Amino acid sequence: MSRLGESTPGRFIVLEGLDGAGTTTQGALLAARLLERGIPVELTKEPTDGVLGKIARAFTDGVTHLEPETVALTFAADRIEHTVEIRALLEAGTWVVSDRYVASSLAYQTSQGLPFEWVRTLNSRAMEPDATIFVDTSVEACVARLAARGEFNTGPFDQAAALEKARALYLQAFASDVPLGRLVEIAGDASREQVADAIWDALAPLR
Ligand code: TYD
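What you are looking at is a predicted structure, and each value in this text was computed from that prediction instead of being measured.

When two helices pack together, their arrangement is given by the angle between their axes and by how far apart the axes lie. The N-to-C vectors of helix α1 (residues 23-36) and helix α8 (residues 192-202) enclose an angle of 55°; their axes lie 10 Å apart at closest approach. As summarised for this structure, α1 and α8 are arranged oblique, according to the angle between their axes. Relative to α8, α1 is oriented so that their crossing is right-handed. Packed against α1, whose contacting residues are Thr-25, Gln-26, Leu-29, Leu-30, Arg-33 and Leu-34, the element α8 presents Arg-192, Val-195, Ala-196, Asp-197, Ile-199 and Trp-200 at the interface. Class assignment for the residues of the contact of α1 with α8 results in 7 nonpolar, 2 polar and 3 charged.

Read across the sheet, 5 strands follow the order β2-β3-β1-β4-β5 without closing on themselves; strand pairing throughout is parallel. Looking at which strands have only one partner, the edges of the open sheet turn out to be β2 (41-45) and β5 (182-187). The mean angle between the axes of side-by-side strands here comes to 20°, regardless of whether they run parallel or antiparallel. Both strand β1 (residues 12-16) and strand β4 (residues 131-136) contribute to a ladder of 4 bridges, which runs parallel. Residue pairing in the sheet places Glu-16 in a bridge with Phe-134 of β4. This element, helix α3 (residues 68-91), spans β1, β2 and β3 (95-99) of the sheet and lies at about 150° to β3.

Parameters at a glance
- Residues numbered from 1 in each chain as written.
- Predicted model: local features only at pLDDT ≥ 70, side-chain atom pairs only at ≥ 80, totals over all residues.
- Heavy atoms only, no water.
- Axes fitted to C-alpha atoms, helices over the stretch in contact; angles between N-to-C directions.
- Helix = DSSP H or I, 4+ residues; strand = E, 2+ residues; numbered from the N terminus.
- Parallel < 35°, antiparallel > 145°, perpendicular 65-115°, else oblique.
- Left-handed = near helix turned anticlockwise from the far one by under 90°.
- Contact = heavy atoms within 4.5 Å.
- Nonpolar A, V, L, I, M, F, W, Y, C, P; charged D, E, K, R; others polar.
- Pairing = 2+ DSSP bridges.

Quick look at the structure:
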């Protein structure tokens, strides 16, 4: 417990899930709840809006082809730059809620055929989050949400089979000893309020 007048370091919370799982919505709901309780919080995401994140997004949007190795290196490099910002926020006592971080690379880049250990090594300079929350929405629900947004089958990862594969690889990453902080799996097919409540409850030990 911190003494009065002492600044408390922020917490680093990562939201993970398949495309369409609802991580962006849940990040916003979590940040709003933290703010309501007077906890300073910054919402952030990967790929970032920085130069490296823009290259990664050109690939995920299907605008440009890049080799899987190049994609993995770009996400890892984007993450190094992102981590500098995250660290500064945490040191200033701000909580950081990131939409995706290391686990996304472990799931999506290995789904492109890259060795898990290589992707892990590329990311070994990233920061360990206080918690990684996996919003585990079924592939069927993700596909339905992506289709409703006109985002189904528009990028290289949006196909149902690719989502199925990414889910299995997420689970593999969570079963590994990669430092991802407190691991929380939340059933994602419930209503957005129910999912938000489950995330909030899971974070109680960190508040
Ligand atoms: P997403 O998070 O859904 O953002 P948006 O809704 O703005 O498109 O998409 C990011 C995509 O990038 C998603 O398909 C997962 C992929 N990705 C990786 O392949 N590796 C990574 O390390 C990260 C952070 C994302």
